[in-house]
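Spelled out, the chains give:
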Amino acid sequence: MNKLIIKGGKKLKGEIGIEGAKNSVLPILAATILNAGENIIKNCPMFSDVEVILDILKTIGCKVKVEDNVAIIDSSTISSTIVPESLASEMRSSIILMGPLLAREGKVTISYPGGCVTLYYLK
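Figured I'd write up the structure that's included with this text. Please read all numbers here as calculations on a predicted model, not as lab measurements.

**Focus: the environment of Gly20**
Summarising the element assignment, Gly20 is placed in the segment before helix 1 (22-31). Measuring from C-alpha to C-alpha, the distance between Gly20 and Pro45 comes to 5.4 Å, with 25 residues separating the pair along the chain. Not counting residues up to four positions away in its chain, the partners in contact with Gly20 are Asn43 and Pro45.

**Comments concerning the packing of helix 1 against helix 2 (residues 48-59)**
Across the interface, helix 1 lies against helix 2 with an axial gap of 10 Å and an inter-helix angle of 5°. By the angle between their directions, the pair helix 1 and helix 2 is classed as roughly parallel. Between helix 1 and helix 2, the residues in contact are Val25, Leu26, Leu29 and Ala30 and Asp49, Val50, Ile53, Leu54 and Leu57, respectively. Looking at side-chain class alone, the contact of helix 1 with helix 2 contains eight nonpolar, no polar and one charged residues.

**Some thoughts on the nonpolar core**
Core analysis: the biggest nonpolar cluster contains 27 residues, and Leu29, Leu57, Ile73 and Leu97 have the highest contact counts within it. Listing elements by their share of this core, those giving two or more residues are helix 1, helix 2, strand 3 (70-74), helix 3 (85-88), helix 4 (98-105) and strand 4 (108-111). With six residues, the single largest contributor to this core is helix 2. Not counting the four nearest positions on each side in its chain, Leu29 is found in contact with Ile41, Val50, Ile53, Leu54, Leu57 and Ile73.

**Quick look at the sheet that holds strand 3**
Strand order across the open sheet formed by three strands is 1-3-2, with antiparallel pairing between neighbours. Either end of the sheet is taken by a strand with one partner, and the two such strands are strand 1 (38-41) and strand 2 (63-67). Strand-to-strand twist of the sheet, defined as the mean angle between neighbouring strand axes without regard to direction, takes the value 10°. Note that strand 2 and strand 3 share five bridges and pair antiparallel. Following the sheet pairing, Lys65 is matched in strand 3 by Ile72. Helix 2 contacts strand 2 and strand 3 of the sheet and is inclined by roughly 145° relative to strand 2.

What counts, and where the lines are drawn
Residues numbered from 1 in each chain as written. Predicted model: local features only at pLDDT ≥ 70, side-chain atom pairs only at ≥ 80, totals over all residues. Heavy atoms only, no water. Helix = DSSP H or I, 4+ residues; strand = E, 2+ residues; numbered from the N terminus. Contact = heavy atoms within 4.5 Å. Axes fitted to C-alpha atoms, helices over the stretch in contact; angles between N-to-C directions. Parallel < 35°, antiparallel > 145°, perpendicular 65-115°, else oblique. Nonpolar A, V, L, I, M, F, W, Y, C, P; charged D, E, K, R; others polar. Core = buried A, V, L, I, M, F, W, Y, C linked by side-chain atoms within 4.5 Å. Buried < 20%, exposed > 50% of the residue type's maximum accessible area, 1.4 Å probe, protein only. Pairing = 2+ DSSP bridges.

Pasting the structure below:
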């Protein structure tokens, strides 16, 4: 559906369920690093890349809980800025963690996404 055309003089009332967007959930999950607190992501589509990024968040010290397509991430407990190569190489979009980690912690170590063994150390 490209657009809604409403005719009539009546006010609209009701609710529409919005499905989780797979293209936006990964940057949203990466952004949870920035606030150093609890983040609740509702309607989170659970597919392999989401599971990998949640595993990365756990590995760097975030507390992660998932129930019924709701992801709760507490990023106040981050203890590492090293994104494990084994996880980063599982998805190309792992590079989106670089910005939030640099912004919050001032450094990050991450392998080139896609499985290359080159490591980048940024400060």
